[in-house]
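Coordinate analysis (summary)
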Amino acid sequence: MEVKKTETLSNKEAQKIILLSQKVLTAKNTGSSLPATLDVIEHLGYIQIDTISVVQRAHHHTLWNRNPRYQTTHLSELIKEKKVFEYWSHAAAYLPIKEYKYSLPRKNDLAIGAQKHWYNPNKKLMQQVLERIKKEGPLMAKDFENTGKKNGDWTTKPTKKALEYLFMQGDLMISSRKNFHKVYDITERVLPENINTSLPSPEDYARFLIKKYLNANGLAQSNEIAYLLKNIKPNITKALKEMLLSNEIIKCNVNNKIYYMLPNTINLLNKPLYRSKLKILSPFDNLLIQRKRMQDLFNFNYLIECYIPEAKRKYGYFSLPILWDGKFAARMDCKANRKDKTLHINNLVLEPSLKKIDEFSITLSKELKKFKEFNNCDSIKVNRTNPTNIKQLIEKQLN
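Rules and cut-offs
- Residues numbered from 1 in each chain as written.
- Predicted model: local features only at pLDDT ≥ 70, side-chain atom pairs only at ≥ 80, totals over all residues.
- Heavy atoms only, no water.
- Helix = DSSP H or I, 4+ residues; strand = E, 2+ residues; numbered from the N terminus.
- Expected span 1.5 Å × (residues − 1).
- Pairing = 2+ DSSP bridges.
- Contact = heavy atoms within 4.5 Å.
- Axes fitted to C-alpha atoms, helices over the stretch in contact; angles between N-to-C directions.
- Buried < 20%, exposed > 50% of the residue type's maximum accessible area, 1.4 Å probe, protein only.
- Polar contact = N/O pair within 3.5 Å; in protein donor to acceptor, adjacent residues only side chain to side chain.
- Core = buried A, V, L, I, M, F, W, Y, C linked by side-chain atoms within 4.5 Å.
- Parallel < 35°, antiparallel > 145°, perpendicular 65-115°, else oblique.
- Nonpolar A, V, L, I, M, F, W, Y, C, P; charged D, E, K, R; others polar.
- Phe/Tyr/Trp six-rings, centres within 6.5 Å; stacked < 30°, edge-to-face > 60°.
- Lys NZ or Arg CZ within 6 Å of the ring centre and 35° of its normal.
- Salt bridge = Lys/Arg side-chain N within 4 Å of Asp/Glu carboxyl O.

A look at helix α11 (residues 233-245)
- Taking 1.5 Å of rise per residue, 13 residues should cover 18 Å, and α11 covers 19 Å from first to last C-alpha, within 8% of that figure.
- Of the residues flanking the end of α11, it is Asn-247, one or two places downstream, whose phi is positive at about 60°.

Focus on the sheet that holds strand β4 (residues 92-96)
- With antiparallel pairing, the three strands of this open sheet are ordered in space as β2-β4-β3. The open sheet has two edge strands with one neighbour each: β2 (47-48) and β3 (84-88).
- Contacts between helix α2 (residues 33-44) and the sheet are confined to β2, β3 and β4, with β4 contributing the most and set at about 105° to the helix.

Overview of unusual backbone geometry
- In this chain, Asn-386 is followed by Pro-387 through a cis amide linkage whose omega measures 5°.
- Backbone geometry places Phe-180, a non-glycine residue, at a positive phi of 70°.
- Among the residues examined, Phe-180 registers a relative accessible area of 21% and is labelled partly exposed.
- Even without glycine at this site, Asn-255 takes up a positive phi of about 55°.
- Within the secondary structure layout, Asn-255 lies in the loop between β8 (250-254) and β9 (257-261).
- Owing to a relative accessible area of 44%, Asn-255 belongs among the partly exposed residues under this scheme.

A short note on the side chain of Ser-103
- For Ser-103, the location among the structural elements is in the loop between β4 and α5 (104-112).
- Under the relative-accessibility criterion, Ser-103 is labelled buried at 6%.
- Polar side-chain contacts of Ser-103 include one of 2.7 Å to the backbone oxygen of Tyr-100.
- When neighbours within four sequence positions are excluded, Ser-103 is seen to be in contact with Phe-85 and Tyr-87.

Here's the deal with the nonpolar core
- Ranked by size, the top nonpolar core spans 107 residues in total, and within it Leu-348 and Phe-360 carry the most contacts.
- Membership of the second largest hydrophobic core comes to 21 residues, among which are Ile-210, Leu-214, Ile-225 and Ala-226.

A word on the packing of helix α1 (residues 11-21) against helix α12 (residues 291-298)
- Contact pair α1 / α12: the axes reach a minimum separation of 10 Å and the direction vectors enclose 135°. By the angle between their axes, α1 is oblique relative to α12. Where α1 approaches α12, its residues Asn-11, Gln-15, Ile-18 and Leu-19 are matched on the opposing element by Arg-293, Asp-296, Leu-297 and Phe-298.
- When the residues that make up the contact of α1 with α12 are grouped by side-chain class, the tally is four nonpolar, two polar and two charged.

A look at the packing of aromatic side chains
- Following the criterion strictly, the structure yields 13 aromatic pairs and no others.
- Ring geometry for Trp-64 versus Phe-374: centroids 4.4 Å apart, planes at 5°, classification stacked. Within this pair, whereas Trp-64 is found in helix α3 (residues 58-64), its partner Phe-374 is found in helix α13 (residues 357-374), the two being separated by 310 residues in sequence.
- Note on Trp-64: relative accessible area 9%, which makes it buried.
- The cationic tip of Arg-57 hangs over the ring face of Phe-180; the distance from NZ or CZ to the ring centre is 4.0 Å.
- The side chain of Arg-177 reaches across the aromatic face of Phe-180, ending 4.4 Å from its centre.

A short note on the environment of Glu-42
- When you line up the elements, Glu-42 lands in helix α2.
- Between the C-alpha atom of Glu-42 and that of Asp-378, which follows or precedes it by 336 residues, the distance is 33 Å.
- Those residues in contact with Glu-42, other than ones at most four positions away along the chain, are Pro-96, Lys-98, Glu-99 and Lys-212.

Here we look at the pattern of salt bridges
- Taken as a whole and assessed by the stated rule, the structure comprises 21 salt bridges.
- Between Glu-86 and Arg-177 there is a salt bridge, with its nearest N and O atoms 2.7 Å apart. One end of the pair, Glu-86, is in strand β3; the other, Arg-177, is in strand β5 (residues 172-178), with 91 residues separating them in the sequence.
- Judged by relative accessible area, Arg-177 falls into the partly exposed class, the value being 24%.
- A salt bridge links Asp-325 to Lys-356; its shortest N-O distance comes to 3.7 Å. A residue pair is termed long-range when its members are at least 10 positions apart, and Asp-325 in the loop between β11 (319-324) and β12 (327-337) and Lys-356 in the loop between β13 (342-350) and α13 qualify at 31 residues.
- One connected set of salt bridges, linked through shared partners, spans Arg-207, Lys-211, Glu-242 and Glu-248.

Section: the side chain of Asn-217
- With respect to the secondary-structure elements, Asn-217 resides in helix α9 (residues 202-217).
- Take Asn-217: its relative accessible area is 8%, and that puts it in the buried class.
- A distance of 3.1 Å separates polar atoms of two side chains, one belonging to Asn-217 and the other to Gln-22.
- Contacts of Asn-217, omitting those with residues within four sequence positions, involve Ile-18, Ser-21, Gln-22, Asn-286 and Arg-293.

Below, the structure is given as structure tokens:
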């Protein structure tokens, strides 16, 4: 079979394809809100879970940006309905239950020792923990507080390690959360009936990862598809070659770099991109989680600064990227103060390339009002902006 020619895309065309694939600048969702949330999770393939809560946590934030009617109860409802489950993608995540079988390669590798967990297994304790949950039903880590001892102030207690190991290798699943604390149960009691639990072949798994990534992200290089996944890069490289020969995927050239794309993806160029929309993104949003990719394709050099010393921060502890006019236009460090119900804009910094400052300020102010409500706040306080005159423009619009 003849391989299709390589498509050449401009930077702007590539960005449009990515943004439409990510469903972040599209028309309003229709239908009821809970199925719309499930549609987003199934399309993107995962929603990263994060514990930082200076604003709404990343998993809620990412879903709200794609489903304006999103409610923070949706994820627990979908867990209860056995439509999604918690496991590991490139990080802890909510995943579609219909793709459960593709969590099995990692679980199997951990169970047989082909992959290493960050904890060493205590087989005896793991068996004791498993037997207790089988007998008593779902339990949290705190239910094992009298079992085992901590070794040093910063060491996770042995039973928590055992629970996490059993979870990662597939013996346990998270049946729910209470105050964000995991509730573990044996896998057989959590999985819905008739779910496919067959272990995919390495070839099947690689093809799944490729198709899923390309469908959700538009275009990609092999290292982006294999991002933070262990022992998978050779299989992805091989599968990409085979899929190219069978015309299941095509090549595209962006900035003299070769990317892969599903054949129908090119048709997205005929669809509208709602550039007038503004989105305040989570640092862990699916769109920008791979920082090098964002630098290559959007010329956006982003670093989350909560993990670096305060003295070295340029933008702030938890600066949120702002997407507008189809580009990354600004970064906003903010905090939702739950006591006085005020959303504090600690530092808003515009990108040097942003020229339509008045128009941006009006659009941002409108979105800030929605973001304030999403964070259960009643008011907004703008503390610092760069340029400084943006502060007055925004405050004028907010009043």
